[in-house]
Each structure stands twice: as C-alpha cells, then as structure tokens.
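Survey of secondary and tertiary structure
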Amino acid sequence: MTAPRAFGWRLPELRTPPPGPASCALADRLRAVESRNVTYLADDWPIFWQEAAGANVRDADGNVYIDLCAGFGVALLGHSHPSVVAAITEQARRLVHGMGDVHPPSLRVELLERLRDLSPWRDARAVLASTGSEAVEIALKTAQLATGKPGVLAFEGGYHGLTLGSLATTARSTFRGPFNARLYPGVAFAPYPQAGPGAEAAVDAAFARIRALLRDGAPNGDAIGAVVVEPVQGRAGACVPAPGFMGALSALAREADALVIADEILTGMGRCGAMLASERVGLEPDLVCVGKALGGGLPLSACIAPRAVMDAWPPSEGEAVHTSTFLGHPLACAAALAALDRYGPESVLARSEALGTRLREGLSEGLAGRLSPGGGVRQVRGLGLLVGIELATDGPAPGASVAGEALKRGVIVLPAGEQGEVVELTPSVALTDEQADHAVEVLVKAIGEVV
Ligand SMILES: Cc1ncc(COP(=O)(O)O)c(C=O)c1O
C-alpha cells in the first residue's frame, strides 16, 4: 500500500459537488456586502478557498483541488512555500510595517540589490510598489521623463492593469469602455504577431503599423516615447510572439528614441523557463516591470531600469514625486528575498520548462482528435508554465464553460482571450508529474463536454 500524499501533492478529493453548501452560504453573504462588479457569483461558481499548499487548494467544504492557476500566477513556487512562510513569520516578529520613502526598512536595500542582479543591467535602479498596475504606471512615467515624449505604443490583446494610467495601455474594450473619457488618448495599438501559421505575413503587417506610429505619433499627435509589451501575452491567452519579432521591435524602438517597457509581471521570475522571458523571445527592454510571483504570495512589484534611464527622475528633496504608503513593505521584502533564493537556482527554470512541455504534449495528445479544422480546438501553445488551449469560438466564452466543467472534476483553471476562447494554465513548479497528468485528463474530458 502506498502512503497517502501530503496536502499540496494530492489529486482532487471532492466530498461534495463544488460549490458545496459552505461555499454557497459564503456566496450569499458576499453578495450582500461586496460591490457586484467584483466576484462572479452563480449556482456553479465560485468555491471559497480556505487553505492551500503546493499545487492543492482546499475549499470551505473540505474539497481538495489541483490549482492550475497558482492564484493568477503568483504561487509559482507552490502555495505557502515553507521557506517563504518562515521568512514572513520571522519578519512579522521584528517589523511589520516600515516608513516607505522616508525611513526605509533595511531589508529594502537587500531586495533592491537582488533586483539589480537579476536585471540585464549592472547599474540597475528600481522603484518598488505593490501591484503590477503600479509598476506599469511607474514605467510609463519614467519613459516620459526620460524621452520627453508622452505617447505610447501598446499591443492588441495586451493587458497591463486596470488603474487609469495602465488601463490606457490595456487593449480590451470591456475594461476600457466605461472609462474611455478618462483614458489618456496618446496610446496607439499595433497587432501582436503570434508564432505559428501565417506568422511572417502577420509580422510584416505589424511592422508596417509600428513604423508608421513611431514616425507619425499616436492618433492624438503625441510623439511615441514608450513601447509597452508583454514578452508572451498572458491574459490574451498565452500568445507567443512570432520568431524574430521582439528583436526587430527592440531595434525599431531604439532607432525612434522610444524606450521598450517589458511587462514581465506574469512572465517574470522563471514562469517562462528563464528569469525574464524577454531573454527567451529576444526582447531587449529599457525598463522591466515585475510583480505577481516576485513577492512569493505577498503584494510586491517593481519597475527596474538602467541608471541612465531611471536618473530621468529628479533626486528626492524630501517629497518623492512618486511613492506610496506601502512601498518596500518589510513583510513583502522578506517574502520576496526567500522566494528569490528559490527562483535563482536553475532547477526552478528547468522544472518550469519541463513541466510546461509535459502539459502541452499531454494536452496535444489528448486533444489530437479535436485539433483538426471543425474539431473545436484550434491550438495548444505557450512557453514554459504559461500554457493556452485555444477553442473555437462558436458558443459564448467556451473557456469559462471548460473552467466550470474542470472545477466539477477538481481542477482550477481560468478562461482567457478577448472572447474567453482560451483555457489558460499558469501552474506552479510544485505541480507533480502525477498531478499534471491527472489535470490533463480532466481538461481533455472537460473540453470534450464543451466543444
Ligand atoms: C502582464 C500583466 N501586467 C500587469 C498586470 C496587472 O497586475 P495587477 O493585477 O497586480 O495590478 C497583470 C495582471 O494580471 C498582468 O498579467
């Protein structure tokens, strides 16, 4: 008899069909107190999380799931990694909150040194923040100060956050629509050419538009000083760029005196098999934004750039022009330092690559019969542990229906893509081969129910 696996490394164990009675009761209470925009509440969604470790989540009804999302990509090392938990606990005994930009917690120095070391620049300088959107805001402000040109080139499908500055660069109309009047009009969008069939023609079309925008400026006439791009698009559905595109984009931006902002908030820290995914796709950034997995589970983000770029900011004379109350929060710094000790070793990068390949191969094999024209599945794609399954879009948001079917079978995934046509996986490196293979079987069945 084999010993039962510890929580974290288990296959799904469902005591009640999810969502069970405890989750449903919590949903009723939530409905009464939270803005209705925030949580999607339906008869079959959501489950309420109570505990998580490794690649497992336990809900309020005691059901155990395999989490293929790692909580929006944050738990890249696995939920509640013991060394991160120990670092947070230890730090909480000493100093929970510091004094941001005034009297810095000493840990912040160590973290900034580590960020410099993982960046492409030996003289890197960084600004810390709490969320990905804030890091993007800082990058956009920095680029404007450095170039004197406020215009921005962003990409169709791109997602850079929902605060007003970052939202102006996020492409999706559902997020922008109600707030269009508040969004900076100097952002122009270009197509994001994907790897795969038709890539060459897509690259040519994208460059025709990019050249024109860099030459003529944004539609409101503002000159373009920043190009903001995801090395692999996440929320668009794990879209991998066409080979050579990112290198040529970097060169064109350089010629036009525009700075390239790599939004590595989802792709950074090893998710795509390298510490920064830019390396893998040939993007040469002038600024890098990291977040999500950086804090090992606590809210932390950063905008990093070489000194020549970051020194576009004036020296502080007592009032920082950009700062925030929780900047360099000691608990988040401690968690990030512990997490960075784990991300650094090659083993995490290698696991990310190997597990991503295993998932993509397993899915391609399991879905082989459906991967033909009319078969319902268009493509299985991705890089490292950012994996997307693109479905045909006949029904409304098929990705969400698959997520619902998978949840019933104990696997957590999310839809992605403009039309919700993608099932997206951003699991943790803690996912075991056994869990991965089981999850693939579940997804193949769930997709079979929908397409
Ligand atoms: C590429 C990218 N940029 C920015 C963000 C925004 O980060 P946050 O939600 O922490 O503000 C996200 C979040 O999903 C993201 O994936």
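One structure accompanies this document, and this report is about it.

Rules used in this analysis
- Residues numbered from 1 in each chain as written.
- Predicted model: local features only at pLDDT ≥ 70, side-chain atom pairs only at ≥ 80, totals over all residues.
- Heavy atoms only, no water.
- 1 Å grid on protein atoms, 1.4 Å probe; cavity = no way out; pocket = protein on both sides within 12 Å on 5 of 7 lines; lining within 4 Å.
- Points joined across faces, edges and corners; volume = space filled by probe spheres on them.
- Nonpolar A, V, L, I, M, F, W, Y, C, P; charged D, E, K, R; others polar.
- Pairing = 2+ DSSP bridges.
- Helix = DSSP H or I, 4+ residues; strand = E, 2+ residues; numbered from the N terminus.
- Buried < 20%, exposed > 50% of the residue type's maximum accessible area, 1.4 Å probe, protein only.
- Right-handed = clockwise from strand over helix to strand, strands pointing away.
- Near = heavy atom within 4 Å.
- Polar contact = N/O pair within 3.5 Å; in protein donor to acceptor, adjacent residues only side chain to side chain.
- Areas by Shrake-Rupley, 256 points an atom, 1.4 Å probe, with all protein chains shown as cover.
- Disulfide = S-S within 2.5 Å.

What about empty space enclosed by the protein?
Within this structure, the stated rule accounts for one cavity of 30 Å³ or more. Roughly 30 Å³ of internal volume is contained in the largest cavity. Around the largest cavity, the lining residues are Val-74, Ala-75, Leu-76, Leu-77, Gly-78, His-81, Val-84, Gly-296 and Tyr-343. Here the residues of the lining of the largest cavity are counted per class, giving six nonpolar, three polar and no charged.

Examining the pairing of strand β1 (residues 49-53)
Pairing analysis gives four bridges linking β1 to strand β2 (residues 56-59), with the strands arranged antiparallel. Counterpart to Ala-52 in the pairing with β2 is Val-57.

Here we look at the pairing of strand β8 (residues 259-263)
Among the five residues that make up β8, five are buried, leaving the element largely enclosed by the rest of the structure. Two elements, strand β7 (residues 224-229) and β8, share four bridges in a ladder whose sense is parallel. Across the sheet, residue Val-229 finds its bridge partner in β8, namely Ala-262. Crossover handedness for the path β7 to helix α9 (residues 245-255) to β8: right-handed. The sheet contact formed by β8 and strand β9 (residues 287-290) spans three bridges and is parallel. Within the sheet, the bridge partner assigned to Ile-261 lies in β9 and is Leu-287.

Examining the site of the ligand
The full set of residues close to the ligand is Thr-131, Gly-132, Ser-133, Tyr-159, His-160, Gly-161, Glu-230, Asp-263, Ile-265, Leu-266 and Lys-292. Contacts to the ligand include Gly-132, whose backbone N or O atom sits 2.9 Å from an oxygen atom. Within the backbone of Tyr-159, a nitrogen or oxygen atom sits 3.3 Å from a nitrogen atom of the ligand. Here the ligand has 390 Å² of accessible area as a free molecule, and 80% of this is covered by the chains.

Comments concerning the state of the cysteines
For the structure shown, the criterion picks out zero disulfides. A disulfide-free cysteine, Cys-69 has its sulfur positioned 15 Å from the sulfur of Cys-272, the nearest such atom. In this structure Cys-69 comes out as buried when scored by relative accessible area, which is 5%. The cysteine Cys-303 is free of any disulfide, with Cys-289 supplying the nearest cysteine sulfur at 4.7 Å. Judged by its relative accessible area of 0%, Cys-303 is buried.

Any functional reading would require information beyond the geometric quantities listed.
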